[in-house]
Amino acid sequence: MILLDGKATAAAIKAQIAAEVEQMVASGRKRPHLTAILVGEDGASKTYVANKEKACAAAGFTSEVVRMPADTTEERLLQEVARLNADPDVDGFIVQLPLPGHINESRVIEAIDPRKDVDGFHPENVGRMVLGLDSFVSATPYGIVALLDHYGIETKGKHCVVLGRSNIVGRPIANLLSQKAQPGDCTVTICHSRTKDIASYTREADIIIAALGVPEFLKGDMVKDGVVVVDVGITRVADSSEKGYHLVGDVAFDEVAPKSSYITPVPGGVGPMTIVSLLKNTLKAASKLLSY
Ligand code: NAP
């Protein structure tokens with residue numbers, strides 16, 4: 001079993017990005033700038049945004065967090081999105097999800113300029129990604145593909161089972177791995193909460209991407225020997241530690257790892273790859289490398 005070390009892989013990619021940024025600055029250009037809008041006080045969202053700020057600093061980007069109270073109106077948030085769309089100093093920005101229930105997330109995402117949509121959630125970017133055209137690919141699927149690529153994992157002709165069909169993970173990773181590309185060229189099955197007998201699919205899988213948010217859902221008896229397992233799940237499980245919780249993935253690691261050829265840990269797998277992929281998108285936005 002080989003551990004797919006997202007932390008080390010992301011650190012190596014971040015160092016490459018930092019070197020590129022210093023070259024940009026040396027040639028008289030400004031540092032890439034990422035802004036995050038954070039609405040409300042959700043603990044996990046605050047942690048994610050803090051980690052993104054830290055990663056920006058490590059890569060030589062400038063960044064800013066626009067903090068808005070939980071009772072912010074949709075109209076006020078849309079005004080902020082319009083302001084960032086128009087600000088030439090902002091190369092890319094994200095609206096940290098989830099938003100409070102009274103705000104329509106789709107309306108907010110659709111208001112973002114697709115050329116600044118470094119989360120890759122705007123329908124224009126999603127549509128372009130599905131068509132295999134140049135786009136911002138959302139950070140988690142982009143990070144998973146980069147991790148498989150970094151370890152030289154053969155995907156061509158493999159059966160990949162994706163557990164979960166969300167717009168931010170399941171659907172886009174299923175699409176990317178089915179495309180004519182490397183990594184890609186997989187035969188993909190998507191499972192979700194209405195799938196009957198999920199184990200009958202996972203036992204046939206060469207590659208499993210688990211993105212359910214159900215702690216330790218994938219057990220040892222649900223996989224075949226030699227499987228490649230990517231665990232996207234992050235659930236905070238309360239404990240008596242100082243932090244008050246620890247992170248648990250969607251895979252029962254101790255049971256599944258001995259049967260796997262490659263497997264990601266949680267934490268230290270997909271999480272760091274997600275953040276570094278956001279940096280890659282922001283660098284692309286700052287370099288004006290998008291072809292549309
Ligand atoms: P989501 O929007 O809640 O989607 C979960 C998906 O899993 C849905 O398609 C749901 O099916 C399916 N599902 C849930 N319980 C199931 C069950 N018991 N059996 C079969 N299918 C089930 O979640 P998400 O945003 O995709 O995130 C998934 C997990 O990844 C979460 O733990 C999240 O925290 C984590 N995550 C991690 C990163 C990272 O950087 N590492 C990034 C994003 C998300 P239905 O569609 O039928 O409801």
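Provided above is the structure to which this section pertains.
Note that this is a predicted model, so its numbers are computed, not measured.

Analysis parameters
Residue numbering note: each chain is counted from 1, following its sequence as written. For a predicted model such as this one, the threshold for reporting local features is a pLDDT of at least 70, and the threshold for listing and counting side-chain atom pairs is 80 or more; totals across whole chains, interfaces and linings nevertheless cover every residue. Water and hydrogen atoms play no part in the side-chain values, which are based on all heavy atoms of the structure. The secondary structure listing takes helices from DSSP runs of H or I that are at least 4 residues long and strands from runs of E that are at least 2 residues long, numbered from the N terminus. Values of the radius of gyration come from C-alpha atoms, whereas the globule rule sets the reference at 2.2 Å times the count of residues to the power 0.38. For every residue, the accessible area (1.4 Å probe, protein chains only) is compared with the maximum for its type, and the residue is labelled buried under 20%, exposed over 50%, or partly exposed between those bounds. We call two residues contacting when some pair of their heavy atoms lies within 4.5 Å. Only the protein chains shown count as cover for residues, and the accessible areas themselves come from Shrake-Rupley with a 1.4 Å probe. Charged-residue counts in this description rest on Lys and Arg as positive and Asp and Glu as negative, His and the chain ends being excluded. The atoms used to mark charge sites are NZ of Lys, CZ of Arg, CG of Asp and CD of Glu. Put simply, two rings from Phe, Tyr or Trp (the six-membered ring, in Trp's case) pair if the centres are within 6.5 Å, and we call them stacked under 30 degrees between planes, edge-to-face over 60, tilted for the rest. Lysine NZ or arginine CZ positioned within 6 Å of the ring centre and within 35 degrees of the ring normal marks a charge as sitting over the ring. The patches reported here contain residues having more than 30% relative accessible area and no salt bridge. Joining distances are 9 Å for like charges and 5 Å for nonpolar side chains (Val, Leu, Ile, Met, Phe, Trp, Tyr). Within this document, salt bridges are pairs made up of a side-chain nitrogen of Lys or Arg and a carboxyl oxygen of Asp or Glu, the two lying within 4 Å of each other. Here, strands pair whenever DSSP counts at least two bridges between them. We call a crossover right-handed when, viewed with the strands running away from us, the connection from the first strand over the helix to the second turns clockwise. Helix span, as expected, comes to 1.5 Å for every residue beyond the first. Starting at the helix axis, one direction is taken to each C-beta atom, and the arc is that of these directions. The nearness test applies per residue and asks whether one of its heavy atoms lies within 4 Å of the molecule or strand. Distance and chemistry together define a polar contact, namely a pair of N or O atoms within 3.5 Å, with one atom able to donate a hydrogen and the other to accept it when in protein, and with adjacent residues in sequence counting only for side-chain atoms on both sides. Gly is put with the polar residues, along with every residue not named as nonpolar or charged; the nonpolar set is Ala, Val, Leu, Ile, Met, Phe, Trp, Tyr, Cys and Pro, and the charged set is Asp, Glu, Lys and Arg. Axes here refer to lines fitted to C-alpha atoms; in helices the fit is confined to the stretch in contact. Angles between the N-to-C directions go from 0 to 180 degrees. To form a nonpolar core, buried Ala, Val, Leu, Ile, Met, Phe, Trp, Tyr and Cys residues must be joined to one another through side-chain atoms within 4.5 Å.

Talk me through the overall build of the protein chain; I want residue IDs and the actual numbers.
Along the backbone of the protein chain there are 10 helices and 11 strands. Taking 292 residues into account, the globule formula puts the C-alpha radius of gyration at 19 Å, and the protein chain, at 19 Å, falls close to it. Seen through its C-alpha atoms, the protein chain measures out along the principal axes to roughly 50 × 40 × 40 Å. Looking at the 292 residues of the protein chain, the share that counts as buried comes to 51%. Across the protein chain, the fraction of contacts at a sequence separation of at least 24, relative to all contacts at a separation of at least 6, is 71%. When the accessible surface of the protein chain is split by element, carbon and sulfur atoms take 53% of a total near 13400 Å². Taking the average place of the 31 positive charges on the side chains of the protein chain and the average place of its 36 negative ones, the gap between the two points comes to 3 Å.

Which residues make up the packing of aromatic side chains, and what values do they have?
Summed over all chains, the structure comprises 1 aromatic pair. Summarising the aromatic geometry, the rings of tyrosine 151 and tyrosine 262 are spaced 6.5 Å apart at their centres and angled 70 degrees between planes, so their arrangement reads as edge-to-face. With tyrosine 151 in the loop between α6 (139–150) and β5 (159–163) and tyrosine 262 in strand β11 (residues 260–263), the pair connects residues that are 111 residues apart, well separated along the chain. The residue whose ring lies beneath arginine 128 is tyrosine 292, and the NZ or CZ to ring-centre distance is 3.9 Å.

Which residues make up a negative patch on the surface, and what values go with them?
On the surface, a cluster of negative charge is made up of Glu216, Asp221, Asp254 and Glu255. Relative to the helices and strands, aspartate 221 resides in the loop between β7 (207–210) and β8 (227–231). Here aspartate 221 falls in the exposed class, since its relative accessible area comes to 54%.

Residue-level account of the pairing of strand β6 (residues 187–191), with values.
Pairing geometry for β5 and β6, over 5 bridges, is parallel. Each bridged residue has a counterpart across the sheet, and for cysteine 160 the counterpart in β6 is valine 188. The parallel pair β5 and β6, bridged by helix α7 (residues 170–178), forms a crossover whose chirality is right-handed.

Lay out helix α3 (residues 74–86) with the relevant residues and their values.
For α3, built from 13 residues, the straight-helix expectation of 18 Å at 1.5 Å per residue is met to within 8% by its first-to-last C-alpha distance of 18 Å. Every buried residue belonging to α3 is among Glu74, Leu77, Glu80, Val81 and Leu84, and all of these are buried. When α3 is viewed along its axis, its buried side chains cluster within an angular range of 120 degrees and face the same direction. Residues of α3 that are exposed and point over 90 degrees away from its buried face: Glu75 and Ala86. Its buried side turned inward, α3 meets β2 (33–39), β3 (62–68), β4 (92–95) and α4 (105–111).

Any details on the site of the ligand? Residues and values, ideally.
Neighbouring residues of the ligand: 20 residues in total, closest Arg165, Ser166, Ser193, Ile234 and Thr274. Note that a nitrogen atom of the ligand is positioned 3.4 Å from one of the backbone N or O atoms of valine 232. Here an oxygen atom of the ligand and a side-chain polar atom of threonine 274 are 2.8 Å apart. Here the shell around the ligand takes 3 residues from helix α10 (residues 270–286), the largest share from any one element. Taken together, the residues of the shell around the ligand sort by class into 10 nonpolar, 9 polar and 1 charged.

An account of the sheet that holds β4 is needed here, citing residue identities and associated values.
Taken together, the 3 strands give an open sheet; going across it, the order is β3-β2-β4, and neighbouring strands pair in parallel fashion. Both outer strands of the open sheet, β3 and β4, are each paired with one neighbouring strand and no more. Taken pair by pair, the neighbouring strands of this sheet meet at an average axis angle of 15 degrees, ignoring direction.

Explain the sheet that holds β11 to me, using residue names and the numbers behind them.
Within the open sheet, the 6 strands sit side by side as β1-β11-β8-β7-β5-β6. Their pairing is parallel. With one partner strand each, in any of the chains shown, β1 (2–3) and β6 form the two edges of the open sheet.

Break down the nonpolar core for me, citing the residues and quoting the values.
Grouped together as the largest cluster of nonpolar side chains are 52 residues, with contacts concentrated most on Ile17, Phe61, Ile144, Ile209, Val230, Val232 and Leu279. The greatest single-element share of this core, amounting to 9 residues, is contributed by α10. Discounting residues that sit within four places of it in the chain, valine 232 has contacts with Thr140, Ile144, Val169, Ile209, Ala210, Ala211 and Val270. Grouped together as the second largest cluster of nonpolar side chains are 17 residues, Ile198, Val223, Val229 and Ile263 included.

Which residues make up the pattern of salt bridges, and what values go with them?
What the rule picks out here adds up to 10 salt bridges. Note that lysine 224 and aspartate 206 form a salt bridge whose closest N and O atoms lie 2.8 Å from each other. Here lysine 224 is found in the loop between β7 and β8, whereas its partner aspartate 206 is found in the loop between α8 (198–202) and β7, with 18 residues between them in sequence. Exposure remark for lysine 224: the relative accessible area of 32% places this residue in the partly exposed category. A network of salt bridges, in which partner residues are shared, links Lys30, Asp91 and Lys288.

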